[in-house]
Amino acid sequence: MTLDLVVLVSGSGTNLQAILDAIAGKRLDARLHLVLSNKPGVKALDRARAAGIATQVLSHKDFANRQAYDVELVRVLRAALGDSKHACVVLAGFMRILTTIFLDAFPGRVINIHPSLLPSFPGVNAQQQAVSHGVRISGCTVHLVDAGTDTGRILAQAAVPVLASDDEHTLGARILEQEHQLLPAVLQSIAEGKLVLPESH
Ligand code: GRF
């Protein structure tokens, strides 16, 4: 079944690009209804436009608090998704913490990609944390989003070696290659019904 998607971004959008390429290449049976950024002018928005996908900027700076932002975010995404009952919201480098107002509006359907093997190294600078700790293996995790920071149920992971010569950038690039494979693959598993998401997060 074709998966209805919205993707939230804040930056370069290489994971968004991987989703766009997978859809175009028929490796992902999904319809991307909207790409929304909390920051104007980011490359992710250019990538969406180039693929003919609707875009919207919703700046958190225009709202008094997280709750007010999330109320509007829910309204915008619901409008974009129409009456789709089984849509997924994908956080692809979206650098905002979401409140329960948002999570309760899409229970068990909000998916994030994180550049570490969770539960190790949640939060920001995951690649730097991995290098600093001297771990020999790191990777990426696709997980459901709950009210914690990178604590939701793990859906899939991919591992990469950490080399003695690595810094956060070289490790980050190696992890990103895996992210670009893993995220579209997980979404396709959901589309095919091979990966069944719970009804609540
Ligand atoms: C990725 O490393 C992702 O794991 C993290 O933010 C980064 C987004 O990169 N959540 P991009 O915008 O998809 O290029």
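Residues numbered from 1 in each chain as written. Predicted model: local features only at pLDDT ≥ 70, side-chain atom pairs only at ≥ 80, totals over all residues. Heavy atoms only, no water.

## Some details on the pattern of salt bridges
Then step 1. Under the criterion given, the structure shown has four salt bridges.
Then step 2. A salt bridge links Glu72 to Arg75; the shortest N-O distance between them is 2.8 Å. Of the two residues, Glu72 and Arg75 are both situated in helix 3 (residues 66-81); the distance of three residues between them amounts to about one turn of the helix.
Then step 3. With a closest N to O distance of 2.6 Å, Arg174 and Asp166 form a salt bridge. (Salt bridge = Lys/Arg side-chain N within 4 Å of Asp/Glu carboxyl O. Helix = DSSP H or I, 4+ residues; strand = E, 2+ residues; numbered from the N terminus.)

## Quick look at the packing of helix 1 (residues 14-24) against helix 6 (residues 168-191)
Then step 1. Two numbers describe how helix 1 lies on helix 6: the axes approach to 9 Å, and their chain directions differ by 50°. By the angle class used here, helix 1 and helix 6 are oblique. The element helix 1 and its partner helix 6 pack so that their crossing is right-handed. Together, Thr14, Asn15, Ala18, Ile19 and Ala22 of helix 1 and Leu176, Glu179, His180, Leu183, Pro184 and Leu187 of helix 6 make up the contact between the two elements.
Then step 2. For the contact of helix 1 with helix 6, a count of residues per class yields seven nonpolar, three polar and one charged. (Axes fitted to C-alpha atoms, helices over the stretch in contact; angles between N-to-C directions. Parallel < 35°, antiparallel > 145°, perpendicular 65-115°, else oblique. Left-handed = near helix turned anticlockwise from the far one by under 90°. Contact = heavy atoms within 4.5 Å. Nonpolar A, V, L, I, M, F, W, Y, C, P; charged D, E, K, R; others polar.)

## So, the packing of aromatic side chains
Then step 1. Inspection of every chain in the model, using the stated rule, returns two aromatic pairs.
Then step 2. Plain terms: the ring middles of Phe63 and Tyr69 are 5.4 Å apart, the flat faces sit at 85° to each other, and that makes the pair edge-to-face.
Then step 3. By relative accessible area, which is 24% here, Phe63 ends up partly exposed.
Then step 4. The buried category is assigned to Tyr69, whose relative accessible area is 1%.
Then step 5. Residue placement shows Arg78 over the ring face of Phe106; its charged tip is 5.8 Å from the ring centre.
Then step 6. Just above the ring of Tyr69 sits the side chain of Arg96; from NZ or CZ to the centre is 5.6 Å. (Phe/Tyr/Trp six-rings, centres within 6.5 Å; stacked < 30°, edge-to-face > 60°. Buried < 20%, exposed > 50% of the residue type's maximum accessible area, 1.4 Å probe, protein only. Lys NZ or Arg CZ within 6 Å of the ring centre and 35° of its normal.)

## Re the site of the ligand
Then step 1. In the neighbourhood of the ligand, the contacting residues comprise Ser12, Gly13, Thr14, Asn15, Gly93, Ile113, His114, Pro115, Leu176 and Glu179.
Then step 2. Contacts to the ligand include Ser12, whose side-chain N or O atom sits 2.6 Å from an oxygen atom.
Then step 3. For the ligand, an oxygen atom lies 2.8 Å from a polar atom in the backbone of Asn15.
Then step 4. When its residues are assigned to classes, the shell around the ligand shows three nonpolar, six polar and one charged. (Near = heavy atom within 4 Å. Polar contact = N/O pair within 3.5 Å; in protein donor to acceptor, adjacent residues only side chain to side chain.)

## Regarding helix 2 (residues 43-50)
Then step 1. For helix 2, the full list of buried residues reads Ala44, Leu45, Arg47 and Ala48. End-on, the buried residues of helix 2 take up no more than an arc of 160°, which puts them together on one face. Looking at helix 2, the residues exposed on the side facing more than 90 degrees away from the buried face are Lys43 and Ala50.
Then step 2. On its buried side, helix 2 packs onto strand 1 (3-9), helix 1, strand 2 (30-37) and strand 3 (55-57).
Then step 3. Remark: Gly52 follows helix 2 within two positions and exhibits a positive phi of approximately 75°. (Arc of directions from axis to C-beta.)

## Regarding the nonpolar core
Then step 1. Within the largest apolar cluster, 43 residues are counted, with the highest numbers of intra-cluster contacts made by Leu5, Val7, Leu16, Ile111, Leu187 and Ile190.
Then step 2. Residue contributions to this core peak at eight residues, all from helix 6.
Then step 3. Apart from residues lying up to four places away in sequence, Leu16 is in contact with Val7, Val9, Leu32, Val35, Ala44, Arg47, Ala48 and Ala92.
Then step 4. Of all hydrophobic cores here, the second largest spans 22 residues; its members include Val6, Leu73, Val76 and Ala105. (Core = buried A, V, L, I, M, F, W, Y, C linked by side-chain atoms within 4.5 Å.)

## Here we look at the sheet that holds strand 6 (residues 137-144)
Then step 1. Reading across from one edge, 3-2-1-4-5-6-7 is the order of the seven strands in this open sheet, with mixed pairing throughout. Only two strands of the sheet have a single neighbouring strand rather than two, namely strand 3 and strand 7 (154-161). On average, each strand axis in the sheet is inclined to that of its neighbour by 20°, with strand direction left out of account.
Then step 2. Across four bridges, strand 1 lies against strand 4 (residues 88-91) in parallel orientation. (Pairing = 2+ DSSP bridges.)

In short, shape yes, function no, at least from these values alone.
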